[in-house]
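# Remarks on the overall topology
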Amino acid sequence: MLSNLVYRSRARVDLTHDDLVHIERSARERNEDLGVTGVLLFDGSYFCQFLEGPEAVVRDVYALVRNSRLHHRVVTLLEDYAPRRRFADWGMRLLNVRASPQEQIVSALHGALKPGVDLPRDDRAFRLIRAFAAGRWRDHAMDGDDPARWTFRADPASVIHAPPPLASDTCQFALQPIVDTTAGRISSLEALMRGPTGGSPQSCFEALSPEQYHRFDLEAKCHAFELVARMGGIGKSKLSINLLPMSLVRVPDAVDYLLDQIARHGLTPERVILEITEEEAISHFDLFQTALKRLRAHGVSLAIDDFGAGFAGLSLLSRFQPDKLKIDRQIVQGIHADGPRQAIVRAIISCCSALGITIVAEGVETPEEWSWLQAAGIDLFQGFLFARPMLNGIPAVNWPVPVAETH
Ligand SMILES: Cc1cc2nc3c(=O)[nH]c(=O)nc-3n(C[C@H](O)[C@H](O)[C@H](O)COP(=O)(O)O)c2cc1C
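Cut-offs applied
- Residues numbered from 1 in each chain as written.
- Predicted model: local features only at pLDDT ≥ 70, side-chain atom pairs only at ≥ 80, totals over all residues.
- Heavy atoms only, no water.
- Phe/Tyr/Trp six-rings, centres within 6.5 Å; stacked < 30°, edge-to-face > 60°.
- Helix = DSSP H or I, 4+ residues; strand = E, 2+ residues; numbered from the N terminus.
- Buried < 20%, exposed > 50% of the residue type's maximum accessible area, 1.4 Å probe, protein only.
- Domains from an automatic or database assignment.
- Buried area = accessible area lost by both parts, 1.4 Å probe.
- Salt bridge = Lys/Arg side-chain N within 4 Å of Asp/Glu carboxyl O.
- UniProt positions renumbered as here; feature names shortened; annotations may be inferred.
- Pairing = 2+ DSSP bridges.
- Near = heavy atom within 4 Å.
- Polar contact = N/O pair within 3.5 Å; in protein donor to acceptor, adjacent residues only side chain to side chain.
- Areas by Shrake-Rupley, 256 points an atom, 1.4 Å probe, with all protein chains shown as cover.
- Nonpolar A, V, L, I, M, F, W, Y, C, P; charged D, E, K, R; others polar.
- Core = buried A, V, L, I, M, F, W, Y, C linked by side-chain atoms within 4.5 Å.
- Contact = heavy atoms within 4.5 Å.
- Expected span 1.5 Å × (residues − 1).
- Arc of directions from axis to C-beta.
- Axes fitted to C-alpha atoms, helices over the stretch in contact; angles between N-to-C directions.

Before going further, it helps to examine the packing of aromatic side chains. For the structure shown, the criterion picks out 15 aromatic pairs. Plain terms: the ring middles of Phe285 and Phe288 are 5.3 Å apart, the flat faces sit at 65° to each other, and that makes the pair edge-to-face. Residue Phe285 and its partner Phe288 are both found in helix α10 (residues 285-298); the two are separated by three residues, about one turn of the helix. Judged by its relative accessible area of 10%, Phe285 falls in the buried class. When its relative accessible area of 0% is taken as the criterion, Phe288 is described as buried. Connected via pairs of aromatic rings, a cluster forms that spans Trp150, Phe152, Trp370, Phe381 and Phe386.

Shown next, in the form of structure tokens:
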């Protein structure tokens, strides 16, 4: 299958003219041998390259390109398939967009098209290349911070082990910190349900009827509040709990039950964040909204969980605006090198900032992901990079520290 790929990267600051000549020459020779065609644009700081050829070969060449020490911050913008090649015999040609007017670049690109190839105006690859030639890509793209500037150091001060729960309890909870890396504080602790012996909570829900299922989902939360009481409180952090939306609809006294349990365990509603996990479609939206209104009126904060996964999407956000929106781990994973994910997250940031909603990035596992996300303007993070969930307690947090400060 004929595949094509577009990426953008940043040249190393010490890149010389000879390096450019070397890149073009060695790229062309190798590409001609392998049956790869394409074009490489350079604007003095950034590269944008289009590669086309058999899928496996393009993948191998891209792996080699990504490893070159002559550039970094390689971000994949497009991976696609096409019925025919666009470029005739350009194994690789370098066009310097800073040295030539845009029209010249565009006419050079059109001149390079394979005879008989008439590109539609909405050809994505060509639109990306033209946007780069025109410098328009800078409006909606950005580099992350340099992850090499940071190291991560565990702070054991936050660790708390609670006494074990009663053996008769139906479930236990693990706590995972959601951290504000700019302020260096734990913003909230998410209570994650575990089974009666601390393993997967799957067994808790098995063999429950739909009616029992939602009641159990709701009533299990009292064990999370009870864990906080056993620990003697959680300082200034808030407690995040997850709830299926239909638990608020199907269990008639759900809001009263939650408020009562919060008070019983020495917490206040202002200290609780309710994360709505939209694993299931919401029916009776009016009842759901009535429950949310009452919770808000008592001071409980609301969050949309796993935003971008399953049903938790734009339609829910258009119908109710939470205090926090948690971007799903699938969108966060590998974001520093992924153009489509970066564009989606930047649009979410712009939308949330217009609505005054705070964003949490979930599932952050690498310094590269974190440094891109925080440069994009996100302050709150959750993920293994900072802390794994800890059963019946609060784990140590790994905080980012500038490398210079560690010497
Ligand atoms: C921006 C850029 C584009 C490249 N394009 C290609 C290419 O299309 N085909 C290819 O075989 N190698 C390509 N390369 C790799 C170079 O031809 C060369 O093998 C590589 O830069 C040498 O590795 P080094 O820079 O680590 O010494 C590219 C490298 C860079 C920096």
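We are not done yet, so read on.
So, on to the domain arrangement of the protein chain. Interface size is often expressed as the accessible area that is lost when the parts come together. In terms of domain boundaries, the protein chain breaks down into domain 1 (2-139) and domain 2 (147-406). The C-alpha centroid of domain 2 is placed 42 Å from the C-alpha centroid of domain 1. Carbon and sulfur atoms make up 42% of the area that domain 1 and domain 2 hide from each other, which totals about 370 Å². Three residues stand out in domain 1 for area buried against domain 2, namely Val75, Thr76 and Leu77, and they jointly supply 64% of the buried area on that side. Where domain 1 touches domain 2, the interface holds zero salt bridges.

Those residues carrying the UniProt feature "domain: BLUF" (unreviewed entry) are residues 2-93 in this numbering. Along residues 2-93 one finds 33% helix and 40% strand; the C-alpha atoms at either end are 20 Å apart.

Looking along a regular strand, one sees the side chains alternate between the two faces of the sheet. Buried residues dominate strand β2 (residues 37-42), accounting for six of its six residues. Side-chain alternation along β2 places Thr37, Val39 and Leu41 on one buried face and Gly38, Leu40 and Phe42 on a second face that is also buried. One ladder, built from six bridges, connects β2 with strand β3 (residues 46-54); its direction is antiparallel. Following the sheet pairing, Gly38 is matched in β3 by Leu51. The hairpin turn running from β2 into β3, its antiparallel successor, is three residues long, and Gly44 in that turn takes a positive phi close to 100°. As defined by bridge partners, β2 adjoins strand β5 (residues 93-96) across four bridges and the pair is classed as parallel. In the strand pairing of β5, Leu41 is matched with Leu95.

Within the structure, the ligand sits among 19 residues, and Ser26, Arg30, Asn31, Gln49 and Ser68 are positioned closest to it. The side chain of Gln49 places a nitrogen or oxygen atom 2.9 Å from an oxygen atom of the ligand. Between an oxygen atom of the ligand and a main-chain N or O atom of Arg69, the distance comes to 3.1 Å. When the ligand sits alone it has 620 Å² of accessible area, and the protein chains cover 89% of it. For the shell around the ligand, the elements supplying multiple residues, two or more each, are α1 (17-34), β3 and α2 (55-66). Of the residues assigned to the shell around the ligand, the class counts are eleven nonpolar, six polar and two charged.

Grouped together as the largest cluster of nonpolar side chains are 77 residues, with contacts concentrated most on Leu248, Leu274 and Leu373. At six residues, the largest contribution of residues to this core is made by helix α9 (residues 254-264). In this structure Leu373 touches Val332, Ile335, Val345, Ala361, Val364, Ile378 and Phe381, once residues within four positions along its chain are discounted. Counting 26 residues, the second-largest nonpolar core is a separate cluster that includes Leu41, Cys48, Leu113 and Ile129.

Taking 1.5 Å per residue, 14 residues should reach 20 Å; α10 reaches 20 Å between its end C-alpha atoms and fits that length. Of the positions making up α10, those classed as buried are Phe285, Phe288, Ala291, Leu292 and Leu295. Considered in projection along α10, the buried side chains sweep an arc of 125° and stay on one side of the axis. Among the exposed residues of α10, those pointing more than 90 degrees away from its buried face are Asp286, Lys293 and Ala297. Following α10 by one or two positions, Gly299 has its phi on the positive side, about 105°.

A few words on the sheet that holds strand β1 (residues 2-11). Two strands in a sheet stick together by hydrogen bonds in their backbones, pointing the same way (parallel) or opposite ways (antiparallel). Across the sheet, which stays open at both edges, the five strands sit in the order β4-β1-β3-β2-β5 with mixed pairing between neighbours. In the strand order of this sheet, the two ends are held by β4 (71-81) and β5, each with one partner. Strand after strand, the sheet turns through a mean of 15° between neighbouring axes, direction not considered. Where β1 meets β4, eight bridges bridge the pair, whose relative direction is antiparallel. Its bridge partner lying in β4, Ser3 is registered against Tyr81.

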